[in-house]
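# Understanding the architecture of this molecule
Residues per chain, in single letters:
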Amino acid sequence: MVFGTDASGGNSSGFWLICAAVCLLLLRPATLLGQEDPQAQPPDRVRTEILYRDGKVVLLSETQERLTRSRYRASGRVELSFQDIVITCDLAEYDEETREGFAEGTVRFSQGNQWLVSSRAEFNFADQTAAFHDATGFTDQEFMVQGELLRKTGPDTYALTKGTITACNEKNPKWAFGMGAATVNVDRTARLKSVVFKIKGIPVLYTPYLVIPMEQKRRSSGLLPFHSGDSTSKGRMFSQGYFQTLGESADLTLYGDYFTLRGLAMGGIFRARPNTQSRLYLQAYGIQDRLNQGGAQLAVDGETRLPQGFRAVASVNITTNFRFRQAFSDSFRSATIPEERSVLFLTRNEGSYSTNIYFQRDEALFPGRSLVIRKSPAIDFSSLGAPLGNSPFIFSFTAAAEGLSRTDSQIETPRMMQRLDFHPRLAFRLPSIAGFSLFPSAGFRTTYYSARLSPDENPVVLSSSLRREYFDFEVDVRPPTLEKDYQSKILGKFRHVVEPYAVFRRIDGISNLRETIRFDAGDAIAETTEIEYGIFNRIFRTRETSSGSHRRFEFLSLGIMQKYFFDPDFGGAFRNGELNSFYPLNTLTGLSRTGIQRMLAPASAVLRLSPAETISYDIRADYDPKLRRLRDTSVSAHWYQDGIAISGTYFKSHALEPGTLESHHVQGQAGFGSVNRGLSGSVTFSYNIRTSNLLNSHSRLNYAWDCCGVSLQFQQFDLGLRTESRLSFSFSLKGIGSFGTIKRPESLF
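Residues numbered from 1 in each chain as written. Predicted model: local features only at pLDDT ≥ 70, side-chain atom pairs only at ≥ 80, totals over all residues. Heavy atoms only, no water.

## Things to note about the overall build of the protein
Across its full length, the protein carries three helices and 45 strands. Relative to the 2.2 N^0.38 estimate, which gives 27 Å for 749 residues, the radius of gyration of the protein is 38 Å and therefore markedly larger than a compact globule would have. The C-alpha extent of the protein, read off along each of the three principal axes, is 120 × 70 × 60 Å. Evaluated residue by residue, the protein yields a buried proportion of 41% over its 749 residues. (Helix = DSSP H or I, 4+ residues; strand = E, 2+ residues; numbered from the N terminus. Rg over C-alpha atoms; globule rule 2.2 N^0.38 Å. Buried < 20%, exposed > 50% of the residue type's maximum accessible area, 1.4 Å probe, protein only.)

In C-alpha cells, the structure reads:
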C-alpha cells in the first residue's frame, strides 16, 4: 500500500529524492490496492485511492495518518467518495479491509437524489449501509426526513427512529408527520408507525400506521384517508375507502359513505390499463335511502385498439331512477338533465369509409315510465364522399341494419323489430360562373320497418311492416364574396367581407310520417320544398402575435338566416294545434316545436365579437315574423386576462304557443389565480330569473404554499326535490394528495 504524502513537504530540490520518487511511481506493483495520483491531488490536500473490484474509495483531506496496517484517519476538509456516494466531514476514519468507517463534525452525505446532514455517521461501503445521528435531509427530491437516528439499511432503504417527514423545507414546517419509527424505500413508499400529523408543530391527528408515496408514486394497497363533511339534506357524512392494487396495470377502490340522515352508501371503482392500446374504468355506487330517494348507478368507460384498424369502445351510464341522481349527484348537469346513453361499439375507419357495429341504449328518465330506446344489435356502413374516378361527381351513402325496441308511457314495440335503411347520394360541383358557385346533390332513401303505428288519435303498435321511400334534392348556391378594405380612427385598418348564400331543398315521397315509429332523428323526416338563405358580414383585423408576426383574425361577424317553406303543410305531416317536431322544423332555430303553420320560419341572427385574443362575445336571437315576437335570446361572454377569467350566459325564451315553456336563466363562472400557487378562487352558479331561484352555486377559495394548500368550498342545490347546502374543507400535502371531500368545480362552458 502506498500512503499519500503531503504535496508541500520534503526537499523538492534534492536530486536523489526526486529520483526515488520517480522510481517508486514506475516500479510499484499493479496489484497494490492503494495508489496516489499526483495530477489529481489538490495542492493543499492529501489524496489516497483504494481500489476494489466494484470501484475505488477516494480519500481527500488536509492531513492523513495511518493508525494500523489497514486503518486510516483523516482530518480537515475530509471528503470520502465511493461509486456515487460522497461524504464530507471534519474528521473520518476508514478501514480498507472491513470497508467500514465513521465521520464526525458536520457530516454531509449524498448519493444520487439522496442527501443528508448529521453530527456523526458510521458507514460500510461493502453493503452501502450507514447510521446517521441527529440527521436531516432528503431521501428523494421531495420529502425531507429528520430524526435522532437514521439508519441506511441498503442502497435505497432507510429506517428512521423518532423523527419527522415533511415536504416543507423550513425550520418549523407548515406540516409534518411525526412518528416513532419509519421505513423508507427511495422512489417507492415510506411506512410510518405511531404517526402524529402536525401543523406548525401543533398535533392535529393521530394514526397508528401510515403509508406515504415517495418520488415515483408507486401504487400500494391500503386504507385511504378518512373524510368527513356536512350537508343540510344528508346530515353528517363519514367516508372511508380501501385501495387494492391488482398487479402492475389494474386496481380496485372500495369505499363507503355514511350519511346520518340517509344511511350507508357503498361504491367501487375498478381501473385497468393492460397495455398502451387499452383502458377500462368502471364505477358503481348505490344507497338504500331512508328518505325513499335511493338507487344505484353504473358507469363504464373503456377503449381498446384491435388489429386491422378496428377500435372497440364502451361508454355506459345507467341509473335506476332520476330521483337518485337528483339527490346524490355532485354535478349540476347530471342532477338536472334526465337523459342517459350507453353504447358498446366496434368501429373501423379507412379513408372516407366507416364501419360500425354497436349496441346502444338511450333513456329519458320521467317520474312515471321512462322512455327507453334500444339498438341491439346495429350495423351500419357509410362513406362521407369519394370522387367517382376522375369525374366531378362525388358519391356518398349510408346503409344500416338494426334491431330496435322502444318503450314509454304511450307505446311499446316488440323486443326486436327490424329497421333496414339505405341512402345513396350523388353530388356534383359545377364550375364557377361569374363568381357564382353551385353544388347540386341528389339522393334516394328507402327504409324498411317490421312494425308500424296505427294512424289513430291514440296510436298502437301494429305488427305489419312499413316501407318508406323518398327522393331528396339540394342545390347549394354561393354568390360572389364581396370584400373591401377600410381605414377608421376606431378600428384602424380592417377588411369587410360579405358572404351571402342560399340552399334550395326538396324532399318528396313521404306520406306516412304518423305511422313511423320514431327511434331517432332519421325517422322524424317530413316532405318539404324550401329555400334557406342568409348573409354573413365579417370584419377582419390584424393582430400582432407574441413572436412579433402579424396574423389576421375575425374581429366581428353578423349572420342572419331564415327559411321559406313553399309547402307549410309538409305533405300533410303538420298537425295544427299540436306541437310538431320533425325535420325541417328542427333546423336553424334551437326551439323547433310549434303548432302554428307558417311559410316563413323564424329568422335567426348570430353576432360574434372578439376584440382581443382572450375576449369573446356571442349573441343569438330567433324572431318569429308571424307572431312578430322574439322567440328566444341568448348572450354569452368570455373574458380572460392576468389570471382572471369570467364567463357567462344569459338565456330567455318566450312561451308563444300552448305547450311551450318560458325560461329566463343566467349561468356564470368566474375564477382568479392558480390552484398551484398563492391565493385563488372560483364561483359557478345557475340562477332562474323567472322564479328568483338560485338553482345551484359552487364557490371555492384556495391558498397554496410551496409544500401544502388549503381549500374551502360551499355548494348549494335548489332543484325542487333536492334542497341542500354543503360546506367542505380540504388540506393538500405536496407529494401525497388531498385530505377532504372537495372535487374540481364543474365547468359550464
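Let's pick the thread back up.
## With respect to unusual backbone geometry
Most peptide bonds are trans, and most residues other than glycine sit at a negative phi. The omega torsion of the bond from Ser376 to Pro377 falls at -5°, within 30 degrees of zero and hence cis. Among the secondary structure elements, Pro377 is positioned in strand β25 (residues 371-387). Looking along the chain, the bond that leaves Tyr583 and enters Pro584 is cis, with omega of 15°. Within the secondary structure layout, Pro584 lies in the loop between β35 (550-565) and β36 (603-612). Despite not being glycine, Arg77 has its phi angle at roughly 45°, a positive value. Mapped onto the secondary structure, Arg77 falls in strand β5 (residues 71-82). For Arg77, a relative accessible area of 42% gives the class partly exposed. Even without being glycine, Phe570 reaches a positive phi, approximately 50°. Within the secondary structure, Phe570 is located in the loop between β35 and β36. Its relative accessible area of 2% is what places Phe570 among the buried residues.

## Looking at a nonpolar patch on the surface
A grouping of Ile644, Ile646, Phe672, Leu679, Leu701, Tyr703, Trp705, Leu712, Phe714, Leu727 and Phe729 is seen on the molecular surface, where their side chains present a nonpolar patch of about 1,000 Å² in accessible area. Contributions of two or more residues to the nonpolar patch are made by β39 (644-653), β42 (693-704), β43 (708-718) and β44 (723-733). Within the secondary structure, Leu701 is located in strand β42. In this structure Leu701 comes out as partly exposed when scored by relative accessible area, which is 46%. (Patch = residues over 30% accessible without salt bridge, like charges linked within 9 Å, V, L, I, M, F, W, Y side chains within 5 Å. Areas by Shrake-Rupley, 256 points an atom, 1.4 Å probe, with all protein chains shown as cover. Salt bridge = Lys/Arg side-chain N within 4 Å of Asp/Glu carboxyl O.)

## Remarks on the pattern of salt bridges
For the coordinates displayed, the defined rule picks out 53 salt bridges. With a closest N to O distance of 2.7 Å, Arg467 and Glu469 form a salt bridge. Ionic pairing is found between Arg620 and Asp618, a salt bridge with its closest N-O pair at 2.9 Å. Through salt bridges with shared partners, one network takes in Arg279, Asp301, Glu303, Arg305 and Arg311.

## A short note on the state of the cysteines
Following the criterion strictly, the structure yields one disulfide and no others. The disulfide partner of Cys168 is Cys707, and the gap between their sulfur atoms is 1.9 Å. Taking the sign of the torsion about the S-S bond as the criterion, the disulfide between Cys168 and Cys707, at about 85°, is right-handed. With a gap of 539 residues between them, Cys168 in the loop between β11 (157-166) and β12 (175-185) and Cys707 in the loop between β42 and β43 connect regions that are remote in the sequence. One exposure class covers both Cys168 and Cys707, and it is buried. Here Cys708 is not cross-linked by a disulfide; its sulfur's nearest cysteine counterpart is in Cys707, at 4.2 Å. (Disulfide = S-S within 2.5 Å.)

## Things to note about the nonpolar core
Ranked by internal contacts, the top residues of the largest apolar core, which has 47 residues, are Ile87, Phe125, Ile165, Trp175 and Leu192. Excluding anything up to four places from it in sequence, Ile87 contacts Val78, Glu79, Leu80, Ala103, Val107, Arg108, Phe109, Phe123 and Phe125. (Core = buried A, V, L, I, M, F, W, Y, C linked by side-chain atoms within 4.5 Å. Contact = heavy atoms within 4.5 Å.)

## A short note on the packing of aromatic side chains
Here the structure, examined in full by the defined rule, presents 23 aromatic pairs. Between the aromatic rings of Tyr353 and Phe381, the centroid separation amounts to 6.1 Å while the plane-to-plane angle is 10°, which identifies the pairing as stacked. In this pair, Tyr353 is assigned in strand β24 (residues 353-364) and Phe381 in strand β25, connecting sequence segments 28 residues apart. Judged by its relative accessible area of 33%, Phe381 is partly exposed. Members of the aromatic cluster, joined through ring pairs, are Phe82, Tyr94, Phe123 and Phe125. Here the basic side chain of Arg99 rests over the ring of Tyr52, its NZ or CZ set 4.1 Å away from the ring centre. One cation-aromatic arrangement involves Lys234 over Phe328; the distance from NZ or CZ to the ring centre is 5.2 Å. (Phe/Tyr/Trp six-rings, centres within 6.5 Å; stacked < 30°, edge-to-face > 60°. Lys NZ or Arg CZ within 6 Å of the ring centre and 35° of its normal.)

## Some thoughts on the pairing of strand β16 (residues 227-231)
Burial along β16 is one-sided: His227, Gly229 and Ser231 are buried, while Ser228 and Asp230, pointing the other way, are not. The pairing of β16 with strand β17 (residues 235-245) spans five bridges and is classified as antiparallel. Looking at β17, one finds that Asp230 is bridged to Arg236. Connecting β16 to the next strand, β17, in antiparallel fashion are three residues. Bridge count between β16 and β44: two bridges; the pairing is antiparallel. Across the sheet, Ser231 pairs through a bridge with Arg726, a residue of β44. (Pairing = 2+ DSSP bridges.)

## Comments concerning the confidence of the model for the protein
Residues of the protein with pLDDT of at least 70 account for 91%, and the chain-wide mean is 86. The weakest mean pLDDT in the protein belongs to strand β1 (residues 34-35) at 41; the strongest belongs to strand β27 (residues 417-428) at 96. This stretch, residues 1-40, has a pLDDT under 50; its non-local contacts, to residues over four places away or in other chains, come to 42 contacts. Throughout residues 744-749 the model reports pLDDT below 50, and contacts reaching past four residues in sequence, or to other chains, amount to 21 contacts. (pLDDT = per-residue confidence, 0-100.)

## Concerning the pairing of strand β2 (residues 46-52)
Along any regular strand, the residues point their side chains to alternate faces of the sheet. β2 sits mainly inside the fold: six of its seven residues count as buried. Bridge count for β2 against strand β3 (residues 55-61) is seven bridges, and the pairing is antiparallel. Paired with Val46 across the two strands is Ser61, which belongs to β3. Hairpin connection, β2 to β3: the antiparallel pair is bridged by two residues.

## Some words on the side chain of Ser118
Among the secondary structure elements, Ser118 is positioned in strand β8 (residues 114-124). Taking the relative accessible area as the measure of exposure, Ser118 reaches 5% and is therefore buried. A polar contact is formed between the side chain of Ser118 and the backbone oxygen of Arg120, at a distance of 3.3 Å. Setting aside residues up to four positions removed in sequence, Ser118 forms contacts with Gly105, Thr106, Val107, Phe132, His133, Asp134 and Ala135. (Polar contact = N/O pair within 3.5 Å; in protein donor to acceptor, adjacent residues only side chain to side chain.)

## Things to note about the side chain of Arg726
With respect to the helices, strands and loops of the structure, Arg726 is situated in strand β44. In this structure the side chain of Arg726 is engaged in a polar contact, spanning 2.8 Å, whose partner is the side chain of Gln715. Sequence-distant contacts of Arg726, defined by excluding residues within four places in its chain, comprise Asp230, Ser231, Asp330, Gln713, Phe714 and Gln715.

## Describing the environment of Asp421
With respect to the secondary-structure elements, Asp421 resides in strand β27. Excluding residues within four positions of it along the chain, Asp421 makes contact with Thr398, Ala399, Ala400, Arg445, Thr446 and Thr447. Side-chain polar atoms of Asp421 contact the side chain of Thr447, separated by 2.5 Å.

## Quick notes on the environment of Val211
Along the chain, the position of Val211 falls in strand β14 (residues 202-213). What makes Val211 partly exposed here is its relative accessible area of 25%. For the pair Val211 and Leu346, spaced 135 residues apart in sequence, the C-alpha to C-alpha distance is 42 Å. For Val211, the contacting residues outside a window of four places in its chain are Thr189, Ala190, Arg191 and Ser220.

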